[in-house]
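Fold and geometry: a report
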Number of protein chains: 2
Amino acid sequence: MIDLTNPGSLEAERVRSAAVARALGDPKRLCVLESLGTGEASVGELASRVSCQVPNMSQHLLVLRSAGLVTARRDGNTVYYRLSDPRILEACHLLSSIAR
Amino acid sequence: MIDLTNPGSLEAERVRSAAVARALGDPKRLCVLESLGTGEASVGELASRVSCQVPNMSQHLLVLRSAGLVTARRDGNTVYYRLSDPRILEACHLLSSIAR
DNA sequence: ATGCTACTTGCGTTCTTGCGCAACTTGTGA
DNA sequence: TCACAAGTTGCGCAAGAACGCAAGTAGCAT
């Protein structure tokens, strides 16, 4: 049996890494992340850039947030999302260079 | 409508990148890739390192191969897999550093 | 040819994802 | 308070993914 309760174990680390990879594993989410490379954006803006509906975008952002890739900030009634770490852009570029 | 027939389009590139990310999006497959970092290995070896059944490992290797992350070489009746690109290890490390 | 070892494939089940649509929440301003 | 705009959440469905197990294929040795 594998121990996932110890966060420092190799296995637990791979589970987290895999979760991050799965969060990156959708073209729309990659588009969102690249788009956030230039700065924060609201849900509506992102939805129109990716050309999907707002609830759908909200779901994708939830996935990204759960993986720790983006953070949210509320201003009035609009919510702005931004990258939580510049290395995420690096990961996007590395992925596309591998996928070439 | 989005054109996926042009392999150079941004969208098609993201689709391929996302496919790579999904292939990375499983703890066992990450384990396989890290394990292949030290050199090629047979299906049976990989199955025992990851502690899963051979057919299951064969499936995971198919996923990795379809994403272009590993290549196979047959010698006698054993098949050896290896990383197709050293940057894949980089990607694994980047993922775990982001997931930390 | 027979048997053996090493993989791959097929099949059925269960779990997860992505999406659209409707309903709900929260904040703003008249 | 009422209406509106911006997001989030719930629900149902269709497609995809992971796994175990059984069956099939490929190469080698006797």
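An account of the accompanying structure is given in this report. (Residues numbered from 1 in each chain as written. Chains lettered and ligands numbered in written order. Predicted model: local features only at pLDDT ≥ 70, side-chain atom pairs only at ≥ 80, totals over all residues. Heavy atoms only, no water.)

Turning to the interface of chain A and chain B, a few remarks are in order. Chain A puts 29 residues into the contact, and the matching count from chain B is 29 residues. Approximately 2600 Å² of surface area, both sides summed, lies buried where chain A meets chain B, with 67% of it carried by carbon and sulfur atoms. Sorting the residues of chain A by area buried against chain B places A:Arg14, A:Leu94 and A:Ile98 first, and these three jointly supply 22% of that buried surface. In this assembly, chain A and chain B are joined by three salt bridges. Put simply, A:Arg14 and B:Glu34 hold a salt bridge, and the shortest N to O gap is 2.8 Å. Taken together, the links from chain A to chain B amount to eight residue pairs in polar contact (both at pLDDT 80 or more). (Contact = heavy atoms within 4.5 Å. Buried area = accessible area lost by both parts, 1.4 Å probe. Salt bridge = Lys/Arg side-chain N within 4 Å of Asp/Glu carboxyl O. Polar contact = N/O pair within 3.5 Å; in protein donor to acceptor, adjacent residues only side chain to side chain.)

Structural alignment of chain A on chain B gives an RMSD of 0.0 Å, achieved by rotating through 180° and translating 0.0 Å along the axis. The two molecules are tied by a two-fold rotation axis, judged by turn and shift. (Least-squares fit on C-alpha atoms with pLDDT ≥ 70 in both.)

Everything listed here is a matter of coordinates, which is why it stays silent on function.
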